[in-house]
Every structure is written in C-alpha cells, then in structure tokens.
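Below, each chain spelled out in residue letters.
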2 protein chains.
Amino acid sequence: MSKCEQCIVREFSSLKALTKEELLKLSDCKTSHIIKRGEVIFEEGENVNGIYCIKDGICKLIKLSANGKDHIVKLVTKGELLGQRSMISDEPVNLSAVALEDMHVCFIPKADVMGYFDQNNQFSMNVMKTICGDLKEADDHMVNLAQKTVKERLAETLLYLHDTFGKNEDESLKVQLSRDELASIIGTATESCIRLLSDFKKSGLIELTGKKIVLKDINALKKLAD
Amino acid sequence: MSKCEQCIVREFSSLKALTKEELLKLSDCKTSHIIKRGEVIFEEGENVNGIYCIKDGICKLIKLSANGKDHIVKLVTKGELLGQRSMISDEPVNLSAVALEDMHVCFIPKADVMGYFDQNNQFSMNVMKTICGDLKEADDHMVNLAQKTVKERLAETLLYLHDTFGKNEDESLKVQLSRDELASIIGTATESCIRLLSDFKKSGLIELTGKKIVLKDINALKKLAD
DNA sequence: ATTAAAACATGACATTTATCATATTAAAGA
DNA sequence: TCTTTAATATGATAAATGTCATGTTTTAAT
C-alpha cells in the first residue's frame, strides 16, 4: 500500500495540514480504489461513512431531480476530497459521484478522519474553508441559472472547463463531456445544447471534432458569458 | 446592554454551545442594532469582520447578477447567524443582506468569535453543520432552478414560505414579499410571477388580498411543485 | 467485422417565458 | 388631503427553449 506522506496529491487537499505522524497513521486506515469511467463512487442517499481523496481522474457530482433528469452540480478532480459535507453533517450524501474517466481514489473511514478534526485545528479549518468555497460557488451558480440565458451559460461553462481543467496538446478541452452531460451542467435540453454548440461553431467561437471541443475565440466567449 | 446568556434567541443558533462564561464575555463585545425595513445590513463585497446574530425580524440575502437584476439567494430569520461563511473564508461577504421587516440584530466582532472556534469544539462544529446545511440547500435550489418550470418553482416557494415562516392569524403567509421579490426568489420576470399568481388564484389554489397571500389548497400546490 | 445501441445532429413545431405597452391600484410624501 | 411615485395587473407580442421526429454518425458488443 502506498504511503500518504509520499502522495503528492495530498498537498492540494485539506489533508496538507496533517503532520507526518498523522499521515503515517492515515496510510494504515485508508483503502485504495481504481474506478473505471462511468462507474459510481457513491450514490445519493447512501451512507458513505468516510471521505474519498481523489488521487487521479475526474468525476461528476450529480443530483436526480423530480422529473427524472439529473443535474451535474459540480466536477471534482485530482487533489480534492469527496463526502466532506456528508461526514460533517452526519447525514447520507446528497449527491451521487460518477467517474468521468478512470480514477484512482483513496477512502478514509470517518472514524479516522474525525479524530484529526478535534486534534488538528488547521485541518478542520481547511475543510471548513473548502466547504465555504463550495457554498460561495453554489450561490454564484444559482444566480447564473436563475438569470442567464442558456447561451450565456454554455459560453460560461466552456470557459470554466477551459480555465479549471485545461487543455490537451491538440488544444481541445481536457474534460470530455457528452452533449448530454454538458446540457446537464448548464441546465437545458440536450438538443438545445447541441444546437447552440453548432451555432458557436458556425460563428467561429469553437471547433468541434467528435467529442473534442477547442475554444477558438476566448474573448468573444467571455463577452457572450457576460 | 442586554445579556447574551439571557437571550432566548441564542438557543436556536450555533451559539447555544457556548458556556455561561463565554456568553458573559460575549455580552461585552457585542453591539446591538435596530435595522428598519428596507435597510441594508451589509453589502456584497464588504468586509464585515464579524457575524450578526438575528434577535428579531427577517432579511433577504441577495446577489447582484451581471444583467443588473438581483436574485434572492436565501431568507434568514430570528435565531440565525449572518456572515459566517465570510468570517471563516476570511473574505468579503459574497451576498448583501437587506431587512424585509424591522430587525433587531447583534454584531459580534470576528476577533471575539474566532477565539471560541479554537476553544469550543462544539461551537465550531455547530457553525460547520449550519454551513453544510446551507450547501445542501443550495444544491437542491440549483437543481430546481435548472430543471423545474417557473410554475413549479412558484408553487414550491409558496409552500416553503408557509412551512418555514408560518402564517398570521388571518392565515396569510407571515413573510410579506413584493411580487418583485417573489420573482427574484424563483428566478423569473416580475410580470410572469404576477401572472402565475393570478392563475393560481383563479384555480383556487391561493387567495390574494393586496400583498397578503393565503394558501387555500396546499395539496394541490404540492402536486404542482412535484 | 458486423451488428446493435448509443450519441450526435437538425428540422418542424409547441410551449414557456420575457418584454413592451398600458391601465389600475396602493403607498408614500408634500 | 392631494399628488406623485411605486407596485400590481393584464394584454399583445416576441424571443427563448423544449419536445418530437428522424436521420446520421460514433461507439460498443458479439
């Protein structure tokens, strides 16, 4: 089993506040998992009883709505933790996590993490700040959904994917989402999303090659997104 | 100056975890404020440097969107705290708070609260749980905005106001919002909101008398809201 | 390699929602 | 009290978005 103290990923998460001794202990309780593209890490309503630390890969956090469609609430990637809110609230998770590409994650049981919560103030502060950041993001997202048009939201989402997850050597967005998934981030029908992507392509804002999307005119997209 | 330890309100907030001694100290640093309907408690971008404890009244937390309209992100009332996220993140507030009715609030400087954060684990845990609750709510709200129709959202919002803030002796909703404010909760144009209220009235779901709204058929509203 | 299934794309159309115009009513200030 | 302004209401219309149908392309499975 790999050692947490040698794991580069932890440097990016709240876990960076843990001491060498704490990390050593952590190595003993964690379990390592390989998750294939499309597989579910946990499901809405489940009792996860711990947190996942993402060592590699990206996943989507989705929530099923009353009408049966699901909405992508957030994308989470390497270096971030999953299930923190649920652990602190002591409630089942309110979102499902599904891998968008092959992932490597480590699971740390609740009992083991919670100990550090009381002992290590910097650690609990880090977790709290992350959750506060999520809340702020959620507020922003909410206002966008309420007040922006689908076109504006699409432009904004493309820029977000670009800025947050970067691009491949061929300039295409690193996160590859299906049209359906993209639609479920911006909150629209799949067909509307496809149609607008075509429009963007015709206007020279983006380039489409299969699932690959290349942002050609970032400034114009920024103007569109407001 | 009134004493925090005698304040009934604190029983409902995260502050309930504080000891008698801590509350006594708190009484000395807090400042008490009367805020009139329509007045601003703090504004988006401001450095608040502390938290507000709401002793009486209701306020709206709003966020200005790019198009100039503002969106009501949350209603906060008696017994709840304001500015927790900002304090923990050590950032300016991301929302403005405006009184919906005359309010009585107490301001506690950051320096004084943060001390209890380290000392009193139960207190920091309470604050964290509140923020986690807000995040969960925000996720739900997001999905609703993304996937429900305006009609469904209006029905849901009316039920929310009813269940959360209760009603007056004449059965009307206790929180009195303008059509404009209601529209800015559900994320629609004021006219659309007014029109749908009229429809609801015609269908016998609600009763309208000026600003007063009485829910006549809660079950039907629930069906509408999904 | 072949076939079946899923994802993508686009047209036609229906529905929802926003916008503009214009009354009417209620509230607030002089 | 009067007058001015803001809030509410409703119609007419435009614009945005969703839905259904259908064809094409891509992907996955046999």
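From a predicted model like this one, the values you see are computed outputs, not experimental measurements.

Rules and cut-offs
Residues numbered from 1 in each chain as written. Chains lettered and ligands numbered in written order. Predicted model: local features only at pLDDT ≥ 70, side-chain atom pairs only at ≥ 80, totals over all residues. Heavy atoms only, no water. Pairing = 2+ DSSP bridges. Helix = DSSP H or I, 4+ residues; strand = E, 2+ residues; numbered from the N terminus. Contact = heavy atoms within 4.5 Å. Axes fitted to C-alpha atoms, helices over the stretch in contact; angles between N-to-C directions. Near = heavy atom within 4 Å. Polar contact = N/O pair within 3.5 Å; in protein donor to acceptor, adjacent residues only side chain to side chain. Nonpolar A, V, L, I, M, F, W, Y, C, P; charged D, E, K, R; others polar. UniProt positions renumbered as here; feature names shortened; annotations may be inferred. Parallel < 35°, antiparallel > 145°, perpendicular 65-115°, else oblique. Left-handed = near helix turned anticlockwise from the far one by under 90°. Least-squares fit on C-alpha atoms with pLDDT ≥ 70 in both. 1 Å grid on protein atoms, 1.4 Å probe; cavity = no way out; pocket = protein on both sides within 12 Å on 5 of 7 lines; lining within 4 Å. Points joined across faces, edges and corners; volume = space filled by probe spheres on them. Buried < 20%, exposed > 50% of the residue type's maximum accessible area, 1.4 Å probe, protein only. Arc of directions from axis to C-beta.

(A) Focus on the sheet that holds strand β3 (residues 50-56) of chain A. Residues and elements named next belong to chain A. Strand order in the open sheet formed by 4 strands is β1-β8-β3-β6, with antiparallel pairing between adjacent strands. Of all the strands in the sheet, just β1 (31-35) and β6 (81-82) have a single pairing partner and so form its edges. When β3 meets β6, the two strands line up antiparallel, connected through 2 bridges. Bridge pairing in β6 links Tyr52 to Leu82. Sitting on the sheet, helix α3 (residues 110-119) is in contact with β3 and β8 (103-109), with an inclination near 70° to β8.

(B) The protein's contact with DNA strand C, seen in detail. Neighbouring DNA strand C are 16 residues, the closest being A:Arg179, A:Ser198, B:Val150, B:Thr188 and B:Ser192. Within 4 Å of the protein, the atoms of DNA strand C are drawn from sugar and phosphate moieties in a proportion of 59%. A distance of 3.2 Å separates a phosphate oxygen of DNA strand C from a polar atom in the side chain of A:Lys211. Contacts to DNA strand C include B:Ala189, whose backbone N or O atom sits 3.3 Å from a phosphate oxygen. If you list the elements that add at least two residues to the surface near DNA strand C, you get α6 (179-186) and α7 (190-202) of chain A together with α7 (190-202) of chain B. Element by element, the count of residues in the surface near DNA strand C is highest for α7(A), at 4 residues. Split by residue class, the surface near DNA strand C holds 3 nonpolar, 5 polar and 8 charged.

(C) Just the UniProt feature "domain: Cyclic nucleotide-binding" (unreviewed entry) in chain A, in detail. According to UniProt, the feature "domain: Cyclic nucleotide-binding" (unreviewed entry) maps to residues 14-110 of chain A in the numbering used here. Structurally, residues 14-110 of chain A is divided into 18% helix and 44% strand, and its ends, taken at the C-alpha atoms, are 15 Å apart.

(D) Region of interest: the side chain of B:Asn126. Summarising the element assignment, B:Asn126 is placed in helix α4 (residues 121-147). Each residue touching B:Asn126, except ones within four places of it in the same chain, is listed here: B:Ser14, B:Lys16 and B:Ala17.

(E) Fine view of the protein's contact with DNA strand D. For DNA strand D, the set of nearby residues contains 17 residues, the closest of which are A:Val150, A:Thr188, A:Ser192, B:Arg179 and B:Ser198. Considering the 4 Å shell around the protein, atoms of DNA strand D inside it are sugar or phosphate in 57% of instances. Taking A:Glu191, its side chain carries an N or O atom lying 3.5 Å from a base nitrogen of DNA strand D. In the environment of DNA strand D, a phosphate oxygen lies 2.9 Å from a nitrogen or oxygen atom belonging to the side chain of A:Ser192. Listing elements by their share of the surface near DNA strand D, those giving two or more residues are α7 of chain A together with α6 (179-186) and α7 of chain B. With 4 residues, the top contributor of residues to the surface near DNA strand D is α7(B).

(F) Just the packing of helix α1 (residues 20-29) of chain B against helix α3 (residues 110-119) of chain B, in detail. Residue and element names in this part refer to chain B. α3 packs onto α1 with a crossing angle of 160° between their chain directions and a minimal axis gap of 10 Å. Regarding the angle of α1 to α3, the classification is roughly antiparallel. Along this stretch, α1 crosses α3, giving a crossing that reads as right-handed. For the pair α1 and α3, the contacting residues are Glu22, Lys25, Leu26 and Cys29 in the first and Asp112, Tyr116 and Gln119 in the second. In the contact of α1 with α3, the residues fall into 3 nonpolar, 1 polar and 3 charged.

(G) How the structure looks around the relation of the copies chain A and chain B. With an RMSD of 0.0 Å, chain A superimposes on chain B once it is rotated by 180° and translated 0.0 Å along the axis. Taken together, the rotation and translation describe the operation of a two-fold axis. A share of 100% of the interface residues of chain A reappears at the interface of chain B, consistent with the copies meeting face to face through the same patch.

(H) Representation of empty space enclosed by the protein in the model. Residues and elements named next belong to chain B. With the rule as written, the count across this model stands at 5 cavities of 30 Å³ or more. In this model, the largest cavity occupies a volume close to 110 Å³. Along its surface, the largest cavity is lined by Ser2, Cys4, Cys7, Arg10, Leu15, Leu23, Leu26, Lys30, Cys53, Lys55, Cys106 and Ile108. Elements that contribute at least two residues to the lining of the largest cavity include exactly α1, β3 (50-56) and β8 (103-109).

(I) Quick look at α3(A). Taken as a whole, α3(A) has its buried residues at A:Lys110, A:Val113, A:Met114, A:Tyr116 and A:Phe117. The buried residues of α3(A) occupy an angular sector of 155° when the element is viewed end-on, so they sit on one face. Along α3(A), the residues that are exposed and aim more than 90 degrees away from the buried face are A:Ala111 and A:Gln119. For α3(A), the elements touching its buried residues are α1 (20-29), β3, α2 (84-89), β8 and α4 (121-147) of chain A together with α4 of chain B.

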